[in-house]
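# Architecture and fold: a report
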Amino acid sequence: LHVKQGHHRPNHHPSQRQRRLLHTVALTRQLPNSFDRALSEHYHNGIDEDTFSLTKARQQLDTYISEMKTILPTVVLPPLEEYPDSCFVEDTVIAIGNRALLTHPGHESRQGEVESIGQVLRDELGMEVVKMNPDNQTFPAYCDGGDVLFTGRHLFVGVSERTNEDALARIEAVFPHVPLIPVAPVAQGKYVLHLKSLVTHLDETTLLLPTDPMGYKVFRAMRGPELGYEAIYLPDILSCNAVVIELGDKSDTTKKVALVQDSTCETTRQRLQEACEERNMELRFVNTSELAKKDAALTCCSVLLDVADEYVPK
């Protein structure tokens, strides 16, 4: 794989677009006091979990939520003290349009987080909510939302320790209008926790990946060149996890904002700035490095939704 200036540019196929991404609400949750007991199995860039600070983690999450509020109406749920990882709301739901699929998280300690999320989505935000494992059926499916990447054209689902192959069929059945692309566990569940710990999208034809053999392997496993994706390779793996917010109306996206983990790597910052300028996107750096000590990436801390106008918080 030849890389020039951090990019791999295949032929794009805009006709493959399935629906316009649009975000009207962000869903977040405050950090519980029990967060120091949150799961921590994979460390990035030599992060030392022994130096973890609950105060710093709370400050960083509060700052992230405050930044989100300046972009998008944001629902902030109270902390769930009985679930130390519960501020990572991304893992509890997969949402496209007005349909939300509640996941069955892969770690047993997190499965109790889902019910309250479903209640908010259904009762307060007017979404159609379905379950990964329906009550009247027995499915062995489990899934973390951090393994599911929706680019606007495809649903990439990474098989990992937290997401199994049985979840693929259920996700495909709930979102039949979006092509589902399984991603073999070449990195997720081994070197990083989730697929999105390693790769996210900048727009519907651009992926952010780390500049190392692991990034190249994942891009190939995702069939990136074949499906018309451009790869932007970044030296800082944490900055490969971006939250891209698309604002506008149903016929036109008028503004895109990318929230990205801040980096001390000048090459990473420069490549992101150039990529966002080329795409007429606003780039904002935020710092969640303390949350990363508990296996968090930036996207873990929110779920971006497209709800009916009457349900958008005023």
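Above: the structure in question.
Notes on the structure in this doc start here. (Residues numbered from 1 in each chain as written. Predicted model: local features only at pLDDT ≥ 70, side-chain atom pairs only at ≥ 80, totals over all residues. Heavy atoms only, no water.)

In this structure, Arg223 takes a positive phi of about 60° despite not being glycine. Along the chain, Arg223 turns up in the loop between helix H4 (213–221) and strand E12 (230–234). Of note, Asn280 is a non-glycine position whose phi angle comes to about 55°, a positive value. Looking at the secondary structure, you find Asn280 in the loop between helix H5 (266–278) and strand E15 (282–286). Judged by relative accessible area, which is 71%, Asn280 ranks as exposed. (Helix = DSSP H or I, 4+ residues; strand = E, 2+ residues; numbered from the N terminus. Buried < 20%, exposed > 50% of the residue type's maximum accessible area, 1.4 Å probe, protein only.)

Time to look at empty space enclosed by the protein. Inspection of every chain in the model, using the stated rule, returns three cavities of 30 Å³ or more. Taken as a whole, the largest cavity spans an internal volume of roughly 450 Å³. Considering the residues around the largest cavity, the lining is formed by 25 residues, among which His23, Ala95, Phe150, Lys196 and Leu304 are closest to the centre. Among the secondary structure elements, those contributing two or more residues to the lining of the largest cavity are strand E4 (93–96), strand E7 (148–150), strand E13 (242–249) and strand E16 (303–305). No other element matches E4, which puts four residues into the lining of the largest cavity. Grouping the constituent residues of the lining of the largest cavity by class yields 15 nonpolar, six polar and four charged. In this structure, the second largest cavity occupies an estimated 80 Å³ of space. In terms of residue class, the lining of the second largest cavity is made up of five nonpolar, one polar and six charged. (1 Å grid on protein atoms, 1.4 Å probe; cavity = no way out; pocket = protein on both sides within 12 Å on 5 of 7 lines; lining within 4 Å. Points joined across faces, edges and corners; volume = space filled by probe spheres on them. Nonpolar A, V, L, I, M, F, W, Y, C, P; charged D, E, K, R; others polar.)

This part covers the pattern of salt bridges. Any two side chains of opposite charge can pair, so long as their charged atoms come close to each other. Applying the stated criterion across every chain yields a total of 16 salt bridges. Ionic pairing is found between Glu290 and Lys56, a salt bridge with its closest N-O pair at 3.9 Å. In this pair, Glu290 sits in the loop between E15 and E16 while Lys56 sits in helix H1 (residues 54–69), placing the two residues 234 residues apart along the sequence. Residue Arg279 is joined to Glu278 by a salt bridge in which the shortest nitrogen-to-oxygen separation is 3.4 Å. Arg279 sits in the buried class, given a relative accessible area of 17%. Members of the salt-bridge network, linked through shared partners, are Glu67, Lys255, Glu282 and Arg284. (Salt bridge = Lys/Arg side-chain N within 4 Å of Asp/Glu carboxyl O.)

The subject of this paragraph is the environment of Met222. Checked against the element boundaries, Met222 lands in the loop between H4 and E12. As for Met222 and Val183, which are separated by 39 residues in sequence, their C-alpha atoms are 5.6 Å apart.

Before going further, it helps to examine the layout of surface pockets. Reported here for the largest pocket is a volume of approximately 280 Å³. Around the largest pocket sit 15 residues that line it, and Leu102, Thr103, Val114, Glu115 and Lys131 are the ones nearest its centre. Listed by contribution, the elements that provide at least two residues to the lining of the largest pocket are helix H2 (114–124) and strand E6 (128–131). Examining the composition of the lining of the largest pocket, we find that five residues originate from one element, H2, more than from any other. Here the lining of the largest pocket is composed, by residue class, of five nonpolar, six polar and four charged.

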